[in-house]
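Below are the chains, spelled out letter by letter.
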Amino acid sequence: MFNLTNSELEKYIQEDIPYFDLTTSLQKCKDKKAQLEVYTREDIVVSCTEEAATIAKLLNCEVEFFVKSCTKVSKGEILLKYSGEYEDIHKAWRAAQMFLEYSCKISTQAYKMKEKIDEVNNSCELLTTRKTFPFSKRFCIKATLCGGATPHRLGLSESILFFDGHRLIYKDNKEFYEAIKEIKSKLAEKKLGVESESYEDSVELMKYGADTIQLDKIDLQTLEKIVSYKNVNFPNVKILAAGGINLSNVQEYAKCGIDGVVTSSVYVCGLANLSSRIKIIE
């Protein structure tokens, strides 16, 4: 696991508070101290509380308590508690809570999907795509890891995956299949993946040495047929399913005996239902 850096969090804070808090500056609040608690209104898997606590610290608050990332908590439990000057508490309030609302929803959704997968196929991984929020890749990746998912591709420099758009430079699929042999000769430490949409294409890809076949928006019957062929003839090839897979249908795909589910759905599932309490400290 990793934590976002102070410089990343300072930039996040700067976007929300470029100068000062205009609202509290108009109140007669000097020398007043307060305490804030962020708590959950639903059962969740916690993520990025370390960063939320750091946000409070960077805004001169004293962190009294936080639940560690990857922890399952129940409705009503406190995730983060900190105290400090009244104005500083308000500066940290929404910045920290919104951070947690997004991250905890992602980690909880990932956890629920992995839980459904494991019920029917404990050899199948939940793989999250590169379709993270722009400018927030590390944030999204940490949240998915906390929920038990694994990054599908950390970036274009990290893995090889051929899509239909990569086949355009070949006169036909046969020429592309032949090219796989040459490409693989340059990949001493890497696996070669190819996206496919049919049984016939998948069979040819296995024969020519593809290590991973990613099946996009394919029907379950064809998926099962491909997995059966793979198991008999090319057991070391990995089969992934992608395209429109979410919490409502992930189990149906996992039942087909695939090695991984590729999804972006964890990034578009809303916010965790969190709330907070502020009190003045006498």
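These numbers come from a predicted model, not from an experiment.

About the thresholds
- Residues numbered from 1 in each chain as written.
- Predicted model: local features only at pLDDT ≥ 70, side-chain atom pairs only at ≥ 80, totals over all residues.
- Heavy atoms only, no water.
- Phe/Tyr/Trp six-rings, centres within 6.5 Å; stacked < 30°, edge-to-face > 60°.
- Helix = DSSP H or I, 4+ residues; strand = E, 2+ residues; numbered from the N terminus.
- Buried < 20%, exposed > 50% of the residue type's maximum accessible area, 1.4 Å probe, protein only.
- UniProt positions renumbered as here; feature names shortened; annotations may be inferred.
- Polar contact = N/O pair within 3.5 Å; in protein donor to acceptor, adjacent residues only side chain to side chain.
- Contact = heavy atoms within 4.5 Å.
- Salt bridge = Lys/Arg side-chain N within 4 Å of Asp/Glu carboxyl O.
- Pairing = 2+ DSSP bridges.
- Axes fitted to C-alpha atoms, helices over the stretch in contact; angles between N-to-C directions.
- Parallel < 35°, antiparallel > 145°, perpendicular 65-115°, else oblique.
- Left-handed = near helix turned anticlockwise from the far one by under 90°.
- Nonpolar A, V, L, I, M, F, W, Y, C, P; charged D, E, K, R; others polar.

### So, the packing of aromatic side chains
For the coordinates displayed, the defined rule picks out ten aromatic pairs. Taking 5.9 Å as the distance between ring centres and 75 degrees as the angle between the ring planes, the aromatic pair formed by Tyr-102 and Phe-133 counts as edge-to-face. Taken together, the positions of Tyr-102 in helix α4 (residues 86–120) and Phe-133 in the loop between β6 (125–128) and α5 (137–146) put the pair 31 residues apart, joining distant regions of the chain. When its relative accessible area of 27% is taken as the criterion, Phe-133 is described as partly exposed. Ring geometry for Tyr-229 and Phe-234: centres 6.2 Å apart, planes at 40 degrees, overall tilted. The class for Tyr-229 is buried, based on a relative accessible area of 18%. Classification of Phe-234 by relative accessible area gives partly exposed; the value is 25%. Through a chain of ring-to-ring contacts, three or more aromatic side chains come together here, namely Phe-162, Tyr-170, Phe-176, Tyr-177 and Tyr-208.

### Quick look at the UniProt feature "domain: Quinolinate phosphoribosyl transferase N-terminal" (unreviewed entry) in the protein chain
Under the UniProt annotation, "domain: Quinolinate phosphoribosyl transferase N-terminal" (unreviewed entry) lies at residues 21–104. Between the C-alpha atoms that bound residues 21–104 there is a distance of 26 Å. The span itself is 39% helix and 30% strand.

### Some details on the side chain of Ser-275
Structurally, Ser-275 can be placed in strand β13 (residues 274–281). A relative accessible area of 13% places Ser-275 in the buried class. A polar contact is formed between the side chain of Ser-275 and the side chain of Arg-41, at a distance of 3.2 Å. Beyond its immediate stretch of four places on either side in the chain, Ser-275 contacts Glu-37, Val-38, Tyr-39, Arg-41 and Gln-97.

### A few points about helix α3 (residues 49–58)
Burial of α3 is extensive: eight of the ten residues sit out of reach of the surface. Buried residues belonging to α3 abut α1 (6–16), β3 (62–66), β5 (78–85), α4 and α5. Two residues or fewer after α3 comes Asn-60, characterised by a positive phi angle close to 70 degrees.

### A word on the pattern of salt bridges
Under the counting rule described, the total for this entry stands at 16 salt bridges. Linking Lys-142 and Glu-50 is a salt bridge whose minimum nitrogen-to-oxygen distance equals 3.3 Å. Placement of the pair is Lys-142 in helix α5 and Glu-50 in helix α3, with a sequence separation of 92 residues. Side by side, Lys-142 and Glu-50 carry an identical accessibility label, which is buried.

### A short note on the sheet that holds strand β10 (residues 212–216)
Where strands meet in a sheet, backbone hydrogen bonds hold them as pairs that are either parallel or antiparallel. Strand order in the open sheet made by the seven strands is β7-β6-β12-β11-β10-β9-β8, with parallel pairing throughout. The outermost strands of the open sheet, each flanked by one partner alone, are β7 (150–151) and β8 (160–162). In the sheet, strand β9 (residues 192–196) pairs with β10 via four bridges, with the strands oriented parallel. Bridging across to β10, Gly-193 finds its partner in Thr-212. Those strands touched by helix α7 (residues 199–207) are β9, β10 and β11 (238–242), and its axis lies near 165 degrees from that of β9.

### Observations concerning the UniProt feature "domain: Quinolinate phosphoribosyl transferase C-terminal" (unreviewed entry) in the protein chain
UniProt tags residues 106–265 as "domain: Quinolinate phosphoribosyl transferase C-terminal" (unreviewed entry). With 41% helix and 18% strand, the stretch residues 106–265 has end C-alpha atoms that lie 9 Å from each other.

### Structural notes on the packing of α4 against α5
Two elements in contact, α4 and α5, have axes whose closest approach is 7 Å; the angle formed by their N-to-C orientations is 45 degrees. Overall, the two elements α4 and α5 adopt an arrangement that is oblique. Our pair here, α4 against α5, has a crossing hand that is right-handed. Contacts from Phe-99, Tyr-102, Ser-103, Ile-106, Ser-107 and Ala-110 of α4 reach α5 at Phe-139, Cys-140, Ala-143, Thr-144 and Cys-146. Partitioned by chemical class, the residues of the contact of α4 with α5 number eight nonpolar, three polar and no charged.

### Some words on the sheet that holds β13
In spatial order, the strands read β3-β5-β1-β13; together these four strands make up an open sheet with antiparallel pairing. Both outer strands of the open sheet, β3 and β13, are each paired with one neighbouring strand and no more. Averaged over all pairs of adjacent strands, the angle between strand axes in this sheet comes to 15 degrees, irrespective of strand direction. In the sheet, strand β1 (residues 33–40) pairs with β5 via seven bridges, with the strands oriented antiparallel. Within the sheet, the bridge partner assigned to Lys-33 lies in β5 and is Glu-85. Across the face of the sheet, α3 comes into contact with β3 and β5 while running at roughly 160 degrees to β3.

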